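Each chain is listed here by its residues.
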Amino acid sequence: MKRLQLTYLFSLLFFVLGISNSTAQSGDQMLDGIGETGLIARYIFDENTKDWSRNNLHASTNAEEVNFVVNAQFEQALQLTGETYLSLPQTTLNTIESLSISAWVQLNTNEKGQELFDFSSSSNTHFSAETVGDETIKIGLKQGPKSISVSIPDVAPNQWQHLVIVLDFTTQNLETYLNGRLIAKQPTAALDLNSFFDTESNKLTIGKNVNGLLHDFRIYRIPLRQNQIETIYNNALGKEEAVVNERHEPEDNLQVFDKDVPQLYNQYLSNVADVTVETVVGQLPRLPRFVDATYKLPVNTSQVRVIWPAPKDNSSVLQPGQYEITGSISGTSFKPKATVLVKAVQPSKTPVRKLTSFALNEVNLNNTSLGDHSKFIENRNKFIDTLAQTNPDSFLYMFRNAFGQEQPEGATPLGVWDTQETKLRGHATGHYLTAIAQAYASTGYDKALQKNFEDKMNYMVNTLYDLSQLSGKPKTEGGAYVEDPSSVPPGPGSTAYTSDLSEDGIRTDYWNWGKGFISAYPPDQFIMLEHGAKYGGQETQVWAPYYTLHKILAGLIDVYEVSGNPKALQVAEGMAAWVHTRLSKLPTETLITMWNTYIAGELGGINESLAHLHRITGKSEYLETAKLFDNIKVFYGDAEHTHGLAKNVDTYRGLHANQHIPQIMGALELYRNSNSPEYYHIADNFWYKTKNDYMYSIGGVAGARNPANAECFVAQPATLYENGLSAGGQNETCGTYNMLKLTRGLFFYNQQPELMDYYEQALYNQILASVAENSPANTYHIPLRPGSRKQFSNADMSGFTCCNGTAIESSTKLQNSIYFKSVDNKALYVNLFVPSTLTWKEQDVVITQETSFPREDHTKLTVNGKGKFELNLRIPGWATAGVELKINGKTQKIAIEAGSYLSLDRKWKNGDTIELKMPFTFHLDPIMDQENIASLFYGPVLLAAQEDAPRTDFRKITLNAEDLGKTITGDPKALEFTIDGTTFKPFFETYERHSVYLDVSLKN
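Residues numbered from 1 in each chain as written. Predicted model: local features only at pLDDT ≥ 70, side-chain atom pairs only at ≥ 80, totals over all residues. Heavy atoms only, no water.

Going by the annotation in an unreviewed UniProt entry, the name recorded for the protein chain is Putative secreted protein, with Leeuwenhoekiella blandensis given as the source organism.

This is the structure:
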């Protein structure tokens, strides 16, 4: 280990500037109002060369001794003497879409040849910043024989200077800034920026030959804008307060359209109907997002999207009576009205759980009717085959590390969010437990594979069980220990709790951790959160301890349910009891603060797991504990339960999406176990609002420009264009994973077809579309700006983000929602059209579904066995061109409505066949507040324009208003089409640049 020397330099400048250390670095500046998903790495040089972002791209040095200083302006700085430099991990710049570098530099001399950075992928490809004398730094781009350079003048030595270099791949510009001011802007069209960095030969250095100081070196994957650069600069000087999850101005500008010009079908509107809705005192009404309308042309819709006001409380419905709400229609002067009738409070009626799922081993995926693999099997096999090759010791590494135990020979730790000093470490282990449990249940078709996963499950559980048995018990006979979880002391020799997980700093005194504790880090983060700790990389900050714990608990429960391993249940119960002991002693005000603390208080769906544990064991304390995770502010508005989601008030606008979606799934599980109607209303209201006011066309729901965080809901509902389409990405994949869980959970109670319509849309167009072509690498965000490209990671399952974790779950349970059954086993629901075989044990029948959907518009079900049951076939909302039903080859003359379930109740006999033909048509899914920006669908399939370069504008297409397909050519069986010479393919088969949203014009 290199020896680090700290030198303290104090000067008169400290007093002249009047900048205190606390002001210069107040708060956690990891974001500075910029969404952290745009941040690749940040080197503060706080006595080390660690990356303080969540990506753990720690720098290494070429010297045995590295000097760090504290001077007048900044607490931390790296001192360079011309001989020392840093090297960054080779993968730091992999799969970037743009690149921005921000750094504070104080040069001691004006000598030439000081390389602030040199990022190269070969001897002929460089992106660098180098002094050239005369107080000038040259920024250079070299690619083979081509080169571009710009100069930054007036970089005076012996003064701190803030440099920002922006390489914008989309606009193909190189921009330079000095102390918050734009210095130069140079086109880069002559270079191929997309191939500048690769995955195998990047050499990334900082500080070669530099004589001076370096502070807060940041690398972003987005092109920083002027206002963001000014914010970074001003925050560092104490001119602004560093903020998380807020912004002062838009991060950038999308195309601007005239808001008074009607777009798409709205230009043909002739009349819009008013509506009347009823509600009860206290409950905001549920307003229809689409109302009846008439058009001047015979267009393929009879409704129009209305944007209604979104109150922040329920003050308008506190007494019986009547009032009126006025809505708007994008680009028009139409102002539809909703008359709201407020009735006296009545006993709340909520549905009972009518349906349940089949076990994973009761549904097998088959090849298509054409004999090839379906997309479901393709993705499943990528994940199953790679999971089978993983080493469980990698997923146990940090657990053994936390407990101070020896590692087995050959064990290696995971990377990314499970490294030594990452405060979220252990999260991937929970996902892994669930994935191998599901893989075990799903691989009955291959007994060797199934045995592989069985062995992995048992090994994982046995190890975690042995570790959990150490907690709160003496290390040696008669030794000291702390059994009570509420009495856990700080670590040995410390007077304060700390999240230091470094090899030298981590506490391993498990005997003081309280009985039942299990995690990949000590208990400190849980306790620090109770005391108000915020999210961040410092030792006084935390990263979502209950989120990590939820993954572990859920994984243990999943293993128990598929294998019956009693140790898995014991470990889960032990940690649940530990949590109950601590949280049950906290006042409500503390809990409200905890669960509303950005990221630090992210709890995943631990309320769901604890309620589930109650259902398994019957122990009431687990249900009580689950309720302690109620996000009172979001669920009920305040401690008095004044409003909130329980009363249909949108209390989550602008919040981190996936911090809150799992909590809602927990509310639904609490409803199942407690029958408290408020929990159902919370889940139902959330789903309706989220699907209709926050959803992108692929099914994702996050990606805000306002607030400036790609993982947040937009600041106001139904403003995806005004406040969404973040440059940092949209559609966090794990958010959609959780939306699908919530959707199927709600469908068990309320068989509304729109639930499974959404499920299909998000499953095909985000979950299936999130996986790489030839490996299980998968997406974090899926960007939908014009000319974007998906970025895939974790092909070898060696380093997990949150979305890498949910991906191994999603693709090992792809068959779990094709069929549902009623709880009394008298009804079957066919929800998805996927080639598969269902074994319905209670009815003693086997149902085989043969199809090549969505390459075909029909499916065939065959009954093997006999029995009386109601068969419910989903008729998708997109199936508007007429649906044909055949039973035993005979066409049935019955009315079949799109967006419904067709019920067939009869005595089925062996060999009966049911055929359903649903002709595909083209349709548009526009952004609600800018309707010309729309996605094109063919049936359920989102079609993406295949692009060969980044774009700054949305691709323009013109379609026929009465029949969209008239101007589209192509091969429906191949799902490949052409519009104006541009190829469109399914988004789930798009791996290069794409445009999902288009600028659509309609003509007669």
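J.: Describe the sheet that holds strand β29 (residues 819-822), with residues and values.
T.: A sheet is described by the order of its strands in space; here five strands give the open sequence β23-β29-β30-β34-β37, paired in mixed fashion. With partners counted over all chains shown, the strands left at the sheet margins are β23 (355-357) and β37 (900-908), one partner each. Put simply, the sheet's adjacent strands are angled 30° from each other on average, direction ignored. When β23 meets β29, the two strands line up antiparallel, connected through three bridges. By the bridge assignment for β29, Thr356 is matched with Lys821. (Pairing = 2+ DSSP bridges. Helix = DSSP H or I, 4+ residues; strand = E, 2+ residues; numbered from the N terminus. Axes fitted to C-alpha atoms, helices over the stretch in contact; angles between N-to-C directions.)

J.: Now, about the domain arrangement of the protein chain: what can you tell me, with residues and values included?
T.: On domain assignment, one finds that the protein chain holds domain 1 (36-237), domain 2 (266-343), domain 3 (390-629), domain 4 (640-658 + 678-741 + 751-815), domain 5 (819-853 + 858-917) and domain 6 (922-1002). For domain 1 versus domain 5, the separation of C-alpha centres amounts to 61 Å. (Domains from an automatic or database assignment.)

J.: How would you sum up the side chain of Arg289? Please name residues and give values.
T.: Considering the arrangement of structural elements, one finds Arg289 in the loop between β18 (275-280) and β19 (290-295). Taking the relative accessible area as the measure of exposure, Arg289 reaches 10% and is therefore buried. A polar contact of 2.7 Å, which involves the side chain of Arg289, links it to the backbone oxygen of Leu287. (Buried < 20%, exposed > 50% of the residue type's maximum accessible area, 1.4 Å probe, protein only. Polar contact = N/O pair within 3.5 Å; in protein donor to acceptor, adjacent residues only side chain to side chain.)

J.: Could you give me a rundown of the state of the cysteines, with the residues and numbers involved?
T.: In this structure the tally under the stated criterion is zero disulfides. With no disulfide of its own, Cys734 lies closest to Cys803 among cysteine sulfurs, the gap being 3.4 Å. We classify Cys803 as buried; its relative accessible area is 0%. (Disulfide = S-S within 2.5 Å.)

J.: Before we move on, could you go through the packing of aromatic side chains and cite the residues and values that matter?
T.: A full pass over the atoms with the stated rule returns 55 aromatic pairs. Aromatic pair Phe922 and Tyr938: ring centres 4.7 Å apart, planes at 40°, arrangement tilted. With a gap of 16 residues between them, Phe922 in strand β39 (residues 922-927) and Tyr938 in strand β40 (residues 930-938) connect regions that are remote in the sequence. Each member of the pair, Phe922 together with Tyr938, is buried. Three or more aromatic residues joined by ring pairs form one cluster here, namely Phe403, Tyr510, Trp511, Trp513, Phe517, Tyr521, Phe526, Tyr546, Trp578, Trp595 and Phe629. Positioned above the aromatic ring of Phe290, the side-chain terminus of Arg305 is 5.9 Å from the ring centre. The cationic tip of Lys790 hangs over the ring face of Tyr991; the distance from NZ or CZ to the ring centre is 5.8 Å. (Phe/Tyr/Trp six-rings, centres within 6.5 Å; stacked < 30°, edge-to-face > 60°. Lys NZ or Arg CZ within 6 Å of the ring centre and 35° of its normal.)

J.: Quick rundown of the pairing of strand β2 (residues 39-43)? Include the residues and the values.
T.: Within β2, five of the five residues are buried, which leaves it mostly tucked inside the rest of the structure. The pairing of β2 with strand β16 (residues 211-220) spans four bridges and is antiparallel. By the bridge assignment for β16, Tyr43 is matched with Phe217.

J.: Go over the packing of helix α12 (residues 606-617) against helix α13 (residues 620-627) with me, naming the residues and quoting the values.
T.: Between α12 and α13, whose axes approach to 8 Å, the crossing angle comes to 165°. With respect to α13, the element α12 is oriented roughly antiparallel. Between α12 and α13 the crossing geometry is left-handed. In this structure, α12 contributes Asn607, Leu610, Ala611, Leu613, His614 and Thr617 to the contact, and α13 contributes Ser620, Tyr622, Leu623, Thr625 and Ala626. Partitioning the contact of α12 with α13 into residue classes produces six nonpolar, five polar and no charged. (Parallel < 35°, antiparallel > 145°, perpendicular 65-115°, else oblique. Left-handed = near helix turned anticlockwise from the far one by under 90°. Contact = heavy atoms within 4.5 Å. Nonpolar A, V, L, I, M, F, W, Y, C, P; charged D, E, K, R; others polar.)

J.: Can you explain the packing of helix α6 (residues 427-442) against helix α9 (residues 545-563)? Please cite residues and give values.
T.: Helix-helix packing is characterised by the crossing angle of the two axes and by the distance between the axes. Running from N to C, α6 and α9 point in directions that differ by 20°, and their axes come no closer than 7 Å. With respect to each other, α6 and α9 are oriented roughly parallel. In this structure, α6 meets α9 at a crossing whose hand is left-handed. Judged by residue contacts, His427, Gly430, His431, Leu433, Thr434, Ala437, Tyr440 and Ala441 of α6 engage Tyr547, Thr548, Lys551, Ile552, Ala554, Gly555, Leu556, Asp558, Val559 and Val562 from α9. When the residues that make up the contact of α6 with α9 are grouped by side-chain class, the tally is 10 nonpolar, six polar and two charged.

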